[in-house]
Structures are given as structure tokens and as C-alpha cells.
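Spelled out, the chains give:
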Amino acid sequence: MRPQVSINADRLLANLRTLGQIGGRPGGGVSRLALTPQDLAGRRQVLRWMEELGLEITIDALGNTVGVRKGLSELSPVMTGSHIDTVDGGGIYDGNLGVLAGIEVLATLDEHNISTKRPLAVAFFTNEEGARFAPDMMGSLVFEGSLDLETALATVGIDGTTVAQNLDAIDMRGTAPCGKPDVHAFIELHIEQGPRLEREGITIGIVEGVQGICWTEFELDGVSNHAGTTPMSLRHDPSVLVGETIVFARELTKHHPGVQLATVGSVTLKPNLVNVIPRTARFTVDLRNTDGVALDQAEQATIDFVYRQARAEGLTVRHRNLARFAPVAFASSVVDRIEAVATSHGLSNIRMPSGAGHDAQVLARCCPAGMIFVPSLGGISHNPREHTDARDIESGANVLLHALLELANA
Ligand code: HGY
Ligand code: MN
Ligand code: MN
């Protein structure tokens, strides 16, 4: 019989609200971009909660932070966690729920004097969002070893400063080594950030994998000129190609193989003045697809389109890849276990892919990994209106508790 232990939902919800106020914006939402003073304040709060539990805390050279609760053995730990950095104007649940639910699980085990064979660890990874410093999942890529530390440290962000400079500015460059972590298994609880669970009235998403991700940045150089005196036939206007690419990307999603998603999320025109034809345009294209081959084709088609149209407009163009993740399938041993726990708790559940990228997809490179989703109200995320019902948060955290217990005692 599974222990009837349950998490303390009130404490978890209170901690989510407390953390959600750090970097909170007057109009609502949270801004704790990676390695900012707001991120540091969030880290300090989570470290305090880890210290209160007496966890053995390590911080590695990129600021990835892990708190370990001793087990009865010295075997490698079962880990949970996520991220506490947010996008600008994000919600209080994205990433934060996975970290705070992990801490809540450990607090609950302490209260019930429950020991586990394997140690249990809860982690938060630096810069999961990638919004300030690409790629996303940067911290877990360095933690797991796919991205080397020096490359990550040298990364220049959207404001022209490096990861190293900002990591030092918040003094969170730890001493623990990066790469090849000793983790037995990993489970991440996360909000779905999409509409499916709510639309189908399902409480728990059993995440089978994560779709592929490809981020490309384009830089176009044209000729700035007077908006009133320059005949249309003489213009070399990079903003026109930005617009054409936005329409191209939307059209691509209508007929491309697989479920193709495309987003032009960041556009910077210079000098960005009402009466000046732009000199340069920098913009990004975020492509996603569960089919890796189709995703590569979409990327190439987009690059070909931009270069072809640039020639027609008399622009020079440069591009670079900012992030690339092939589709990932989670370990069936972990997926099946999560499904069994959700079902045995009488919770409606459904197997599904993840639309968003997550640290779990990187941890899956070094150990069996899986994810638990809970519904997002209106499917909204990366938005101050992001919300998940308290009951669903409690259900998700209890599934996490029992799935971790089973993995740690198997
Ligand atoms: O981009 C993503 O999917 C994640 O939010 N970092
Ligand atoms: Mn997230
Ligand atoms: Mn996110």
C-alpha cells in the first residue's frame, strides 16, 4: 500500500506567492531574467528554504544549485527540480512550481519521518528561459555536460553583457564541478503552458517527450534614409523583409509536415525612429516541431527565404543559430511510473508531448527522466495571467511526491 502521506498544499501555495513577489511587477507578473539582481533575490529565497531543511547544498560554476536530502544509502540521488528564472512579465508558476514542489516534498518527508533508500535532490538550473542569454536550458546543458562551461560563460546576452560578468555581479559562481552529474533519475513537475489539459478536463499530463526547438537570429543591413524624400523604388529597407518573414513563417506552419510552430518574437530596428528608413533589423525565428526532420527542413526553408528576399531588396544578411534541440522521448520506466501513481491516486491523466522546452529534456541525456504536467488556465503562460488552480497544484505535487518515493526506494 502506498503511504497516504500528502504534501502541505497551503505551505506550497504560500511559498509560490512569496517567490512570485520577488521581481513582481506593479501591473502583475514577474520579471526575474537570468542573472539579474531579481534572479539573485529569488535564489536567496530558495536557498533559505533549502537551508531550513538542512539540505546539503552545492552550487556549480554556472550557478546551478542542488540541495540533497540524505538517504539511507550513499547511492546516486533521485532528483527533481526546474528553474526559477522567468521571462520578462512572466507568471509565478513556470519553473518555480517544479522547484518549490520539490522542496515541499522533502519538507513533507521530514515531517513524516520518512527515509528513503536513495538520497533525494532538488535543483534549480541557471537560465532555463534563454530569453536574456541563448540558448534556453543553458544551465542544465552545462550541468549535464552537453554545453561546455567556457562557452556558456562567454555568451553575450541581448543587453551586450556576458554570462560571466552577470554571474560574478550576483556572486553566484559556485565551486562544484559541471558535467557528468551522478543522478539516478529525474522528474520535473511543470505547468503545461498550453490549453490541452484544461480543454479536456484532465488533471495530470504524463509527458512522454519534448518537441524539437530551433532558434535562429537574423541581422539585416540596409540603407537608412529619409522617410519623406526617398522614392520607394530606391529603398533598401530591412524592415520590409522582417514583415515578409513573419508572413512566410505563418504560411509555413499551414502546410509543413508535422505540427509546425513558428514565432518571430524579437525584432529590433535601428535607428527605430518614425521618419527614418531603418538601417538595420535584427530578429529571431523560433521554430518547433515534434518531427526532427521536418524541423530541420523548416529551418532551411526559412533561411533560404530570408537570403533570397534580402538579395531582391539589396540587403546584406547574416544569421546564426541560437538554440537547437532535437525532439526527446522520456524514459518509459519513468513515464509509466508517473502514470501509475496518478492513476492509483484516482487522478485523470493523459499522455502528451511538451510544447515548451524544459530542463528535464536535458537531464534525459544522463539519466531516465520524465515530467508531470498540471493544467494552465486558458492555456496561458509567459504572461502575467499565467495561473493553475490550487487543487491541481496539490494533485501534481502529490504525484511528484509518490513518484519520487517509488524511484528512491526501488
Ligand atoms: O522556450 C521554451 O520553450 C522554454 O520556456 N524555455
Ligand atoms: Mn519552464
Ligand atoms: Mn518558460
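Since the structure is predicted, the reported quantities are computational estimates derived from the model, not experimental observations. (Residues numbered from 1 in each chain as written. Chains lettered and ligands numbered in written order. Predicted model: local features only at pLDDT ≥ 70, side-chain atom pairs only at ≥ 80, totals over all residues. Heavy atoms only, no water.)

## Remarks on the state of the cysteines
- Using the criterion set out here, one finds zero disulfides in the structure.
- Cysteine cysteine 366 remains unbridged, with the sulfur of cysteine 367 as its closest cysteine sulfur at 4.4 Å.
- The exposure class of cysteine 366 is partly exposed, given its relative accessible area of 28%. (Disulfide = S-S within 2.5 Å. Buried < 20%, exposed > 50% of the residue type's maximum accessible area, 1.4 Å probe, protein only.)

## What about the coordination of the manganese ion (ligand 2)?
- Protein-derived coordination of the manganese ion (ligand 2) comes from His83 (NE2), Asp94 (OD) and His190 (NE2), at a distance range of 2.1 to 2.3 Å.
- Between the manganese ion (ligand 2) and the manganese ion (ligand 3) the interatomic distance comes to 3.5 Å, and aspartate 94 is a ligand of both metals. Here aspartate 94, found in the loop between strand S5 (88–90) and helix H3 (96–111), pairs with histidine 190, found in strand S7 (residues 185–191); they are 96 residues apart in sequence, far enough to count as distant.
- The class of aspartate 94 is buried, set by a relative accessible area of 6%. (Donors = N, O, S within 2.8 Å, 3.2 Å for Na, K, Ca; no water. Helix = DSSP H or I, 4+ residues; strand = E, 2+ residues; numbered from the N terminus.)

## Re the site of ligand 1
- As a matter of local geometry, ligand 1 sits amid Glu128, Glu129, Asp136, Trp215, Arg288, Ala356, Gly357 and His382.
- Here a nitrogen atom of ligand 1 sits 3.1 Å away from a polar atom, N or O, in the side chain of glutamate 128.
- One of the side-chain N or O atoms of histidine 382 is found 3.4 Å from an oxygen atom in ligand 1.
- When ligand 1 is considered free in solution it has 220 Å² of accessible area, and contact with the protein chains removes 94% of it.
- Class assignment for the residues of the shell around ligand 1 results in two nonpolar, two polar and four charged. (Near = heavy atom within 4 Å. Polar contact = N/O pair within 3.5 Å; in protein donor to acceptor, adjacent residues only side chain to side chain. Areas by Shrake-Rupley, 256 points an atom, 1.4 Å probe, with all protein chains shown as cover. Nonpolar A, V, L, I, M, F, W, Y, C, P; charged D, E, K, R; others polar.)

## Let's talk about the packing of helix H1 (residues 9–21) against H3
- Two numbers describe how H1 lies on H3: the axes approach to 10 Å, and their chain directions differ by 140°. In terms of axis orientation, H1 runs oblique to H3. The interaxial crossing formed by H1 with H3 has right-handed handedness. Contact residues: H1 offers Arg11, Leu12, Asn15, Leu16 and Leu19, while H3 offers Asn96, Leu97, Leu100, Ala101, Glu104, Ala107, Thr108 and Glu111.
- Along the lines of polarity and charge, the residues of the contact of H1 with H3 split into seven nonpolar, three polar and three charged. (Axes fitted to C-alpha atoms, helices over the stretch in contact; angles between N-to-C directions. Parallel < 35°, antiparallel > 145°, perpendicular 65-115°, else oblique. Left-handed = near helix turned anticlockwise from the far one by under 90°. Contact = heavy atoms within 4.5 Å.)

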